[in-house]
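Residue strings, one per chain:
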Amino acid sequence: MKLISKWVCLLLITLCCGSASIAFAADKPKVLSQLETVRSAVEAAAGKIEGNKEAAADLERAKTALKNADESFKSGKSMFGFGDISPETEKEIKLSVDMAELATATALSRVEFARETAELAAIEKQFAAVKAKLKLFEDRKAELEKLRLEAVACQKTVNEYEVIKAEKAILATQVDQLSAEKGKADKLKIEQLELTHKLDEMKAENARLSALLEKQQAPTAPTADDSKKKAPKK
Amino acid sequence: MLRVAVLTGTALMMIALAATVQAASEAQLAQIEQRAAKAAKTAAGEYAKDLLDAAMASIAEAKINIAAGKEKLAARQLELAEIQLSAADAKAAEKELLEKVAIRRSELKKLEARLERFRQGEEN
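Residues numbered from 1 in each chain as written. Chains lettered and ligands numbered in written order. Predicted model: local features only at pLDDT ≥ 70, side-chain atom pairs only at ≥ 80, totals over all residues.

Draft legend 1. The overall build of chain A, seen in detail. Looking only at helices and strands, one finds four helices and zero strands in chain A. Each helix (α) and strand (β) of chain A, taken in turn from the N terminus, gives the series α-α-α-α. For chain A, buried positions account for 17% of its 234 residues. Long-range pairs, those at least 24 residues apart, make up 78% of the contacts in chain A between residues at least 6 apart in sequence. (Helix = DSSP H or I, 4+ residues; strand = E, 2+ residues; numbered from the N terminus. Buried ≥ 20, exposed ≤ 12 C-beta atoms within 10 Å, placed from the backbone. Contact = placed C-beta atoms within 7 Å.)

Structure below.
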């Protein structure tokens, strides 16, 4: 009887421990599966860091966190017995897993930052090249605009020149006409002078002839000489 | 008598050690709190607010654990807070740069389109 009761006690203790183990084992896979997922993520990220020192340091931190999680799991398991872990240890493991996950994300963020920095540098280079080409076109456009304005100004000058040329032709005709008229006037003046001269001569002739005529008409009245001739000689 | 003295000495050393550990944790806590406050005023406050909030929550939990004497857990929470702050900085820098790249790419596209119009003689 005593032996049976001992066996029953042993069985009950085993059952209790078994149920406790099953109860903790229900949570264990969640943390452990998370740990394994993060471990895989860390390994995958290791191939992507491309010599980025900061990312490598983050990844190293992630690996240390995973190591801490492993150690916590091992020590927690041995301390608590039955292959299970205490809630506090589980929390420690969870924190380490979170740290590893975040450190991995940070490492990938830094890799992306480096990639984007390189892309920005390439964009800036391309930007400068396109801007330089655009400047050539803009300068050419400005030069063309300047030439266009100059062409407009030239056309205006040509038009003005044509107008002046036409005015000059009219004026030249007028000058010719006036010159011809002046020639005529000069000729008339000379003729007038000649006529004036002739008139003066004719006036003089007229005066001479008038005097002569007067002289011829004078015999009707005796002259002093005639009186002398007629007076008796004594 | 000797046993009592040894036990007392050990107890005092443990108390001193605990006090030193707590002081170190509190110093680290103050340092991380200061870093979090500074980060909130930078681009991280705009681009990685979720991570900053998570760091603040970790700091708050670490405070509770320090008060409860759970030094190991508090140390890990502080370490997590530090990593969360680093992650916030990195994420903010990445997002900020992504925005800048997007803006410059868009500007470059406009410039290239203008150049193409020049080449086609549409802007001459």
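Draft legend 2. Representation of the nonpolar core within the structure. Among the nonpolar cores identified, the biggest contains 47 residues, and Ala100 and Ala103 of chain A together with Ala88 of chain B are the most heavily contacted of them. Counting only elements with at least two residues in this core, the list comes to α1 (2-46), α2 (53-80) and α3 (87-217) of chain A together with α1 (2-40), α2 (43-47), α3 (49-67) and α4 (71-119) of chain B. By residue number, the principal contributor to this core is α4 of chain B, which donates 12 residues. With sequence-adjacent residues up to four places away left out, Ala100 of chain A is seen in contact with Val38, Val42, Ala62, Ala65, Leu66 and Ala69 of chain A. (Core = buried A, V, L, I, M, F, W, Y, C linked by C-beta atoms within 7 Å.)

Draft legend 3. Inspection of the interface of chain B and chain A at higher detail. Opposite the 27 residues of chain B that make contact, chain A presents 31 residues. Of the residues contributing to the side of chain B that touches chain A, the split by class is 13 nonpolar, four polar and 10 charged. (Nonpolar A, V, L, I, M, F, W, Y, C, P; charged D, E, K, R; others polar.)

Draft legend 4. Main features of α3 of chain B. All names here are of chain B. For α3, with 19 residues, the first-to-last C-alpha span of 27 Å sits near the 27 Å given by 1.5 Å per residue. Taken residue by residue, α3 has Leu51, Leu52, Ala55, Ser58, Ile59, Ala62, Asn65 and Ile66 as its buried positions. The buried residues of α3 occupy an angular sector of 135 degrees when the element is viewed end-on, so they sit on one face. Among the exposed residues of α3, those oriented more than 90 degrees off its buried face are Asp50, Ile64 and Ala67. Once α3 finishes, Gly69 follows within two positions and takes phi at roughly 80 degrees, a positive value. (Expected span 1.5 Å × (residues − 1). Arc of directions from axis to C-beta.)

Draft legend 5. Structural view of the confidence of the model for chain A. Residue and element names in this part refer to chain A. Residues with a pLDDT of 70 or more make up 78% of chain A, whose mean pLDDT is 85. The element-level mean pLDDT for chain A is lowest in helix α4 (residues 224-230), coming to 57, with α3 highest at 95. Low pLDDT (under 50) marks residues 15-27, which in the prediction has nine contacts with non-local residues, meaning those over four places away or in another chain. (pLDDT = per-residue confidence, 0-100.)

Draft legend 6. Summary view of the environment of Ala92 of chain B. Residue and element names in this part refer to chain B. With respect to the helices and strands, Ala92 occurs in helix α4. C-alpha separation for the pair Ala92 and Tyr47, spaced 45 residues apart in sequence, amounts to 4.9 Å. Contacts of Ala92, omitting those with residues within four sequence positions, involve Ala43, Ala44, Tyr47 and Ala48.

Draft legend 7. Fine view of unusual backbone geometry. Residues and elements named next belong to chain A. The residue Glu50 is not glycine, and still its phi comes out positive at about 45 degrees. Here Glu50 is to be found in the loop between α1 and α2. Judged by the 10 C-beta atoms lying within 10 Å of it, Glu50 is exposed.

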